[in-house]
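Each chain, letter by letter, is given below.
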Amino acid sequence: MPELPEVETIRQTLKAMVINKTIKDVSVFWPKIIKQPDDVKEFSHLIRGQTIEDIGRKGKFLLFQLTDYVLVSHLRMEGKYGVFTKDEPVLNHTHVIFHFTDQTELRYNDVRKFGTMHLFSKGEELKEKPLSTLAPDPFEDTFTFSEFYNKVTKSERVIKNILLDQTVVAGLGNIYVDETLFKAGVHPLKKGVDLSSKEIKAIQKYAKETLAEAVAQGGTTIRSYVNTQGQIGMFQQQLFAYGQTNKPCKHCGAPIEKIKVSGRGTHFCPSCQPN
DNA sequence: GTGGGTGTTGAAGT
DNA sequence: TACTTCAACACCCA
């Protein structure tokens, strides 16, 4: 489901609801979600008694800063968090429940069960996968043009795939890659090695701009995304390419085309994004 | 029913 | 290295 703007919206809404709450116990109904430590009993044991001091984000990952540990959570396609009182009925597809000492609970719901959770001792989370290989997102100072340029131009891969690669730039997914390439006027099948400095500059600029606008709109809701308070995003009204198949391009009127790139639906304007 | 598609990402095979 | 396929899983739609 979510890309950077959706995860950031979740981070903000969730933080307000669980900050300073202490975890009394954890229930895990689908153990495969817990990737670290291997043993779910160990996971529960370590997390008991921990207080949520802050919630951060790196790329599409949420980082729950606990008293002694950091819980790294990825929502993949359909993961959602919600805060409930303990007597509210548990929804279908709820796989992890963090029971707080104040009778409320944080529930993780994930229809497709693709989401992951890793628990690390504080300070270890950046040294190990999945965060150790993650590139900076476009908002971080460490996301520099020269490094981005080098990674793009030394690749024979098509730009669509390069931008989906979280070790090149973090936070972009299928929607925002299509939007970024549209605004930059770059065809999704162009190879990284063939891109000009000007094109890469435009991609960098519009990636940041598009993500910032989407964060301001509370993310994009295509079918199932809602934030922690159950609210949908609004950015879908401002999409130029994604999901606009056969609709007239908002810049030139030519019909938006949809093709498949490495198995991912890819939308672009054949006139504004020539190959 | 049946197959294809879905906002993600790793692993396995070539 | 990198590309393709598949796998994880459930649901929606034509």
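Computed from a predicted structure; not experimentally measured.

Enquirer: Any details on the side chain of Thr153? Residues and values, ideally.
Expert: Relative to the helices and strands, Thr153 resides in helix H3 (residues 145–153). Given a relative accessible area of 19%, Thr153 falls into the buried group. Separated by 2.8 Å, the side chain of Thr153 and the backbone oxygen of Tyr149 make a polar contact.

Enquirer: Hey, could you go over the domain arrangement of chain A for me, with residue numbers and the actual values?
Expert: Looking at the assigned domains, one finds that chain A contains domain 1 (4–121) and domain 2 (145–268). Placing a centre on the C-alpha atoms of domain 1 and another on those of domain 2 gives a separation of 29 Å. With 16 residues of domain 1 at the interface, the matching set in domain 2 holds 19 residues. Area buried by domain 1 at its contact with domain 2 is led by Pro5, Glu6 and Lys60, which between them contribute 33% of it. Where domain 1 touches domain 2, the interface holds zero salt bridges.

Enquirer: Can you explain helix H5 (residues 174–184)? Please cite residues and give values.
Expert: Across the 11 residues of H5, 11 count as buried, placing the element largely inside the fold. Among all positions in H5, only Asn174, Ile175, Tyr176, Val177, Asp178, Glu179, Thr180, Leu181, Phe182, Lys183 and Ala184 are buried. On its buried face, H5 sits against helix H1 (4–18), helix H4 (159–164), helix H6 (197–216) and strand S11 (264–268).

Enquirer: For the UniProt feature "domain: FPG-type" (unreviewed entry) in chain A, give the residues involved together with the corresponding values.
Expert: Under the feature "domain: FPG-type" (unreviewed entry), the UniProt entry names residues 240–274. As annotated, residues 240–274 comprises 0% helix and 29% strand, and the C-alpha atoms at either end are separated by 16 Å.

Enquirer: Could you give me a rundown of the protein's contact with DNA strand C, with the residues and numbers involved?
Expert: In the vicinity of DNA strand C, the residues found are Trp30, Lys32, His93, Val111, Arg112, Lys113, Phe114, Glu156, Arg157 and Ser262. For DNA strand C, the fraction of protein-proximal atoms (within 4 Å) that sit in sugar or phosphate groups is 55%. A breakdown of the residues in the surface near DNA strand C according to their chemical character gives three nonpolar, two polar and five charged.

Definitions and limits used
- Residues numbered from 1 in each chain as written.
- Chains lettered and ligands numbered in written order.
- Predicted model: local features only at pLDDT ≥ 70, side-chain atom pairs only at ≥ 80, totals over all residues.
- Heavy atoms only, no water.
- Helix = DSSP H or I, 4+ residues; strand = E, 2+ residues; numbered from the N terminus.
- Buried < 20%, exposed > 50% of the residue type's maximum accessible area, 1.4 Å probe, protein only.
- Polar contact = N/O pair within 3.5 Å; in protein donor to acceptor, adjacent residues only side chain to side chain.
- Domains from an automatic or database assignment.
- Contact = heavy atoms within 4.5 Å.
- Buried area = accessible area lost by both parts, 1.4 Å probe.
- Salt bridge = Lys/Arg side-chain N within 4 Å of Asp/Glu carboxyl O.
- UniProt positions renumbered as here; feature names shortened; annotations may be inferred.
- Near = heavy atom within 4 Å.
- Nonpolar A, V, L, I, M, F, W, Y, C, P; charged D, E, K, R; others polar.

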